[in-house]
Amino acid sequence: MLLTAVLVLAAVGLTQLSLHSSTSKERVSNRIEAGIKKFAGRYARVDSWGHAIDLYKRHLSYAPESRSRLRRLAGAYRSAGYLEQYQAAIETALRLDLARLEDERWRASLHRSLHKTYRMLGDIEAADMHAGRALAINQDRIAENPDSASAAYSFGLTLELIGQKREAIEQYR
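The shown structure was predicted, so the numbers you read here are calculated from the model rather than taken from an experiment. (Residues numbered from 1 in each chain as written. Predicted model: local features only at pLDDT ≥ 70, side-chain atom pairs only at ≥ 80, totals over all residues. Heavy atoms only, no water.)

Undergrad: Account for helix 8 (residues 149–161), naming residues and giving values.
TA: Here helix 8 spans 18 Å end to end across 13 residues, near enough to the 18 Å set by a 1.5 Å rise per residue. Along its buried surface, helix 8 packs onto helix 6 (108–121), helix 7 (124–144) and helix 9 (165–172). The N-cap of helix 8, judged by a side-chain oxygen 3.4 Å from the amide nitrogen of Ser150 a few residues on, is Ser148. Positioned one or two residues after helix 8, Gly163 has a phi angle of 90°, which is positive. (Helix = DSSP H or I, 4+ residues; strand = E, 2+ residues; numbered from the N terminus. Expected span 1.5 Å × (residues − 1). Contact = heavy atoms within 4.5 Å. Polar contact = N/O pair within 3.5 Å; in protein donor to acceptor, adjacent residues only side chain to side chain.)

Undergrad: Can you explain the packing of aromatic side chains? Please cite residues and give values.
TA: Taken as a whole and assessed by the stated rule, the structure comprises two aromatic pairs. The interplanar angle of 45° and the centroid separation of 5.6 Å between the aromatic rings of Tyr153 and Tyr172 together place this pair among those described as tilted. With a gap of 19 residues between them, Tyr153 in helix 8 and Tyr172 in helix 9 connect regions that are remote in the sequence. The class for Tyr172 is partly exposed, based on a relative accessible area of 33%. The ring of Phe39 is capped by Arg42, whose NZ or CZ atom sits 5.0 Å from the centre of that ring. (Phe/Tyr/Trp six-rings, centres within 6.5 Å; stacked < 30°, edge-to-face > 60°. Buried < 20%, exposed > 50% of the residue type's maximum accessible area, 1.4 Å probe, protein only. Lys NZ or Arg CZ within 6 Å of the ring centre and 35° of its normal.)

Undergrad: Please provide a residue-by-residue account of the environment of Pro64, values included.
TA: Inspection of the secondary structure puts Pro64 in the loop between helix 3 (49–62) and helix 4 (67–80). Exposure remark for Pro64: the relative accessible area of 52% places this residue in the exposed category.

Undergrad: Give a detailed account of the nonpolar core, specifying residues and quantitative values.
TA: Ranked by internal contacts, the top residues of the largest apolar core, which has 20 residues, are Tyr56, Leu70, Leu73, Ala74, Tyr77, Tyr86 and Ile90. When contributions to this core are tallied by element, the ones reaching two or more residues are helix 2 (22–45), helix 3, helix 4 and helix 5 (83–101). The element contributing the most residues to this core is helix 3, with six residues. What Ala74 contacts, discounting residues up to four positions off in sequence, is Tyr86, Ala89, Ile90 and Met120. Among the nonpolar cores identified, the runner-up in size contains seven residues, and Leu94, Leu110, Ala126 and Ala127 belong to it. (Core = buried A, V, L, I, M, F, W, Y, C linked by side-chain atoms within 4.5 Å.)

Undergrad: Could you give an account of the packing of helix 5 against helix 6, naming the residues involved and the relevant values?
TA: At a closest axis distance of 10 Å, the pairing of helix 5 and helix 6 adopts a crossing angle of 150°. By the angle between their axes, helix 5 is roughly antiparallel relative to helix 6. Between helix 5 and helix 6 lies a crossing whose hand is left-handed. Note on element contacts: helix 6 touches helix 5 through Leu110, His111, Ser113, Leu114, Thr117, Tyr118, Met120 and Leu121, opposite Tyr86, Gln87, Ile90, Ala93, Leu94, Asp97, Leu98, Arg100 and Leu101. Residues that form the contact of helix 5 with helix 6 fall into these classes: 11 nonpolar, four polar and two charged. (Axes fitted to C-alpha atoms, helices over the stretch in contact; angles between N-to-C directions. Parallel < 35°, antiparallel > 145°, perpendicular 65-115°, else oblique. Left-handed = near helix turned anticlockwise from the far one by under 90°. Nonpolar A, V, L, I, M, F, W, Y, C, P; charged D, E, K, R; others polar.)

Shape descriptors only; they carry no functional weight alone.
The following block contains the structure:
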């Protein structure tokens, strides 16, 4: 009995110590955040939109400027039939994307984000234009840095986005 009490006290003490260290606190927070995203996705897959929306909103609270998180929330709103909330969330994502465009035109990731946002808005012409820009940026980066894993990965993401999955896999390799 005494041994059990000592072990429980030691476990509580070590847990408290680890939670108060900055690296452990950050690691725990990151795991919680990842879990929220994971469970939101699970609820979305079974069309439990109320739970998915609640969790996507919580996930967004960790990074309110995240366009990908806003798009996931917008998609859940749309699927649940909350069209006003969908429109507000996707327009916020677009506004955030466009605000970054002025300073970061050279980022393929930003053009991929704009492609996804415009697709959700139904503006296929603008979506395709940004996919084309991302592709051109990636092709230039690969030409300038043929041995860059980062350039190849970004190129793979863009190829996957435009439906060229085999070519994307080659870039990932």
